[in-house]
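Letter by letter, the chains look like this.
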Amino acid sequence: MLRKLLIGTALATSFAFSAHAADVKEVQMLHWWTSGGEAAALNVLKQDLAKEGYAWKDVPVAGGGGDAAMTALKAMVAAGNYPTASQMLGYTVLDYAAAGVMGDLTETAKKEGWDKSVPAALQKFSVYDGKWVAAPVNVHSVNWLWINKAVMDKIGGTEPKTFDDFIALLDKAKAAGVTPLALGGQNWQEATMFDSVVLSTGGPEFYKKAMNDLDEESLKSDTMKKSFDNLAKLVKYVDPNFSGRDWNLATAMVIKGDALVQVMGDWAKGEFHAAKKTPGTDFLCYRFPGTDGSVIYNSDMFGMFNVPDDRKAAQIALATATLSKSFQSAFNVVKGSVPARTDVPDTDFDACGKKGIADLKKANDGGTLFGSLAQGYGAPPAVANAYKDVVSKFVHGQIKTSDEAVTELVKAIDDAK
């Protein structure tokens, strides 16, 4: 469908810009990084490019899951108005590459040694038909707990190692009159938390079969039913005003001590960083109970479009800056994620960042690095959207039981394939 929509545009655009003009010294970037921590991280790249004489044209589209940004991108591309680059997730990059509208960064990638430094799991989404079409910015992982340390100390809590431990910890917060679990009632947030619940409930092999291989027996199994039951247990600890709340506002609840814990990807750490909070002193970072040793990942990528010749130099400058070791370190220190290249030292990272880098290496080496279904790395967008829809309906009571949820999930995924 995307190919039909865009293929005429690709041809029209190539004719429209055939006349070469002087190089345009501007980078146009579409993204959904609009929270304080995200904006601070992106500013690192803006400053790097400014040193090389490139102006930055922001095209921000608010919405933490990126759905609104991708709608805006589709409209821009259909109109022949290609950005220099767009923040994108996994399968979306491949969709646009298949539609024939992406640029070719292969020459730059060879010169910069990306083949050797970028993990194969990321190259699966940044290389299409042998050509580099996107520059990976980072590796995020979603199976994290972010805890306010003062509240944790107040209730006498300790790191939960099992799901039952986690429930007991949430009970302590509830008894102390603190909102136990900060959650934003948006489908991508709810499904992101459910990724971790499934891994915790079923283990690594089950997660891969159900959430990456989309194995029907696993999707309709008793283990998946138990995963939904465990999700229902967690939802009981959320405050009544959670519906529609943005993710960074949920993070702010933890930062302020209004809530004990948030289950969220490590972009949440960027908000703690922006608030001048220190791990170990102000907040704690633990893997979601029962998932230590595994990493559920996504990666922000800058998909590079087939821009006219007079804009290619700016695009190459952007790609080169994005995967430079200095930027990979400086950006990810601020963003909360870890570098997209494996040869960046952890020297400048805080305790949570060092753990994230070590965990990624361990999971990559041990075969327990899994794509997040909620975040666009477990399956194509249509399947991911079907998954998010079912999980959200369950959280909000439109689907009443785990039996019904499993039935609806299998049907929705089958229909989306």
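The shown structure was predicted, so the numbers you read here are calculated from the model rather than taken from an experiment. (Residues numbered from 1 in each chain as written. Predicted model: local features only at pLDDT ≥ 70, side-chain atom pairs only at ≥ 80, totals over all residues. Heavy atoms only, no water.)

(A) Just the state of the cysteines, in detail. Counted by the stated rule, this structure contains 1 disulfide. Linked covalently through their sulfurs, Cys 285 and Cys 352 form a disulfide whose S-S length is 2.1 Å. An S-S torsion of about -105° defines the bridge between Cys 285 and Cys 352 as left-handed. Taken together, the positions of Cys 285 in strand β11 (residues 283-287) and Cys 352 in helix α17 (residues 351-366) put the pair 67 residues apart, joining distant regions of the chain. Classification of Cys 285 by relative accessible area gives buried; the value is 14%. Under the relative-accessibility criterion, Cys 352 is labelled buried at 3%. (Disulfide = S-S within 2.5 Å. Helix = DSSP H or I, 4+ residues; strand = E, 2+ residues; numbered from the N terminus. Buried < 20%, exposed > 50% of the residue type's maximum accessible area, 1.4 Å probe, protein only.)

(B) Structural view of a positive patch on the surface. On the surface, Lys 174, Lys 226, Lys 233 and Lys 236 cluster together into a positively charged patch. Inspection of the secondary structure assignment puts Lys 174 in helix α9 (residues 163-175). (Patch = residues over 30% accessible without salt bridge, like charges linked within 9 Å, V, L, I, M, F, W, Y side chains within 5 Å. Areas by Shrake-Rupley, 256 points an atom, 1.4 Å probe, with all protein chains shown as cover. Salt bridge = Lys/Arg side-chain N within 4 Å of Asp/Glu carboxyl O. Lys, Arg positive; Asp, Glu negative; His and termini not counted. Charge placed at Lys NZ, Arg CZ, Asp CG, Glu CD.)

(C) Fine view of the sheet that holds strand β13 (residues 301-304). Ordered by their spatial adjacency, 5 strands build an open sheet running β2-β1-β3-β13-β6, and the pairing between neighbours is mixed. Every interior strand has two partners, whereas the edge strands, β2 (55-60) and β6 (134-136), have only one. The average undirected angle you get between the axes of adjacent strands in this sheet is 25°. Relative to β13, strand β3 (residues 85-88) runs antiparallel, the two being bridged by 4 bridges. Bridged to Gln 87 within β13 is Phe 302. The strands touched by helix α2 (residues 36-51) within the sheet are β1 (26-31), β2 and β13, with β2 carrying the most contacts at an inclination of about 155°. (Pairing = 2+ DSSP bridges. Axes fitted to C-alpha atoms, helices over the stretch in contact; angles between N-to-C directions. Contact = heavy atoms within 4.5 Å.)

(D) Here's a closer look at the side chain of Gln 315. Residue placement: Gln 315 occurs in helix α15 (residues 309-322). Engagement of the side chain of Gln 315 in a polar contact is seen with the backbone oxygen of Thr 84, the distance being 2.9 Å. Among all residues touching Gln 315, those that are not within four sequence positions of it are Thr 84, Leu 105, Met 304, Phe 305 and Val 307. (Polar contact = N/O pair within 3.5 Å; in protein donor to acceptor, adjacent residues only side chain to side chain.)

(E) Highlighting unusual backbone geometry. Even without glycine at this site, Asp 129 takes up a positive phi of about 55°. Looking at the element boundaries, Asp 129 is found in the loop between β4 (127-128) and β5 (131-132). Of the residues examined, Asp 129 reaches a relative accessible area of 70% and is grouped as exposed. Even without being glycine, Leu 214 reaches a positive phi, approximately 55°.

(F) Summary view of the environment of Gly 130. Residue placement: Gly 130 occurs in the loop between β4 and β5. With 26 residues separating them along the chain, Gly 130 and Asp 104 place their C-alpha atoms 9.8 Å apart.

(G) Broad picture of the sheet that holds β11. Taken in spatial order, the 4 strands of this open sheet run β9-β10-β8-β11, and their pairing is mixed. Of all the strands in the sheet, the pair left with one neighbour each is β9 (179-182) and β11. Between one strand axis and the next, the sheet turns through 20° on average, direction left out of account. Of the pairings in the sheet, the one linking strand β8 (residues 144-148) to β11 comprises 5 bridges and is antiparallel in character. Across the sheet, Asn 148 pairs through a bridge with Phe 283, a residue of β11. In the packing of helix α13 (residues 247-256) onto the sheet, the strands contacted are β8, β9 and β10 (259-263), and the crossing angle to β10 comes to about 140°.

(H) Just the pattern of salt bridges, in detail. Applying the stated criterion across every chain yields a total of 20 salt bridges. Residue Asp 67 is joined to Lys 388 by a salt bridge in which the shortest nitrogen-to-oxygen separation is 3.8 Å. Here Lys 388 lies in helix α18 (residues 381-395) and Asp 67 lies in helix α3 (residues 67-78), a separation of 321 residues in the sequence. Using a relative accessible area of 6% as the deciding quantity, one classes Lys 388 as buried.

(I) Spatial organisation of the packing of aromatic side chains. According to the stated counting rule, one finds 19 aromatic pairs in the structure shown. Geometrically, the ring pair formed by Trp 114 and Trp 132 is edge-to-face, given 5.2 Å between the ring centres and 75° between the ring planes. In this pair, Trp 114 sits in helix α6 (residues 114-117) while Trp 132 sits in strand β5, placing the two residues 18 residues apart along the sequence. The buried category is assigned to Trp 132, whose relative accessible area is 3%. Consider the rings of Phe 272 and Phe 283, whose centres lie 4.3 Å apart with planes at 25°: the pair is stacked. (Phe/Tyr/Trp six-rings, centres within 6.5 Å; stacked < 30°, edge-to-face > 60°.)

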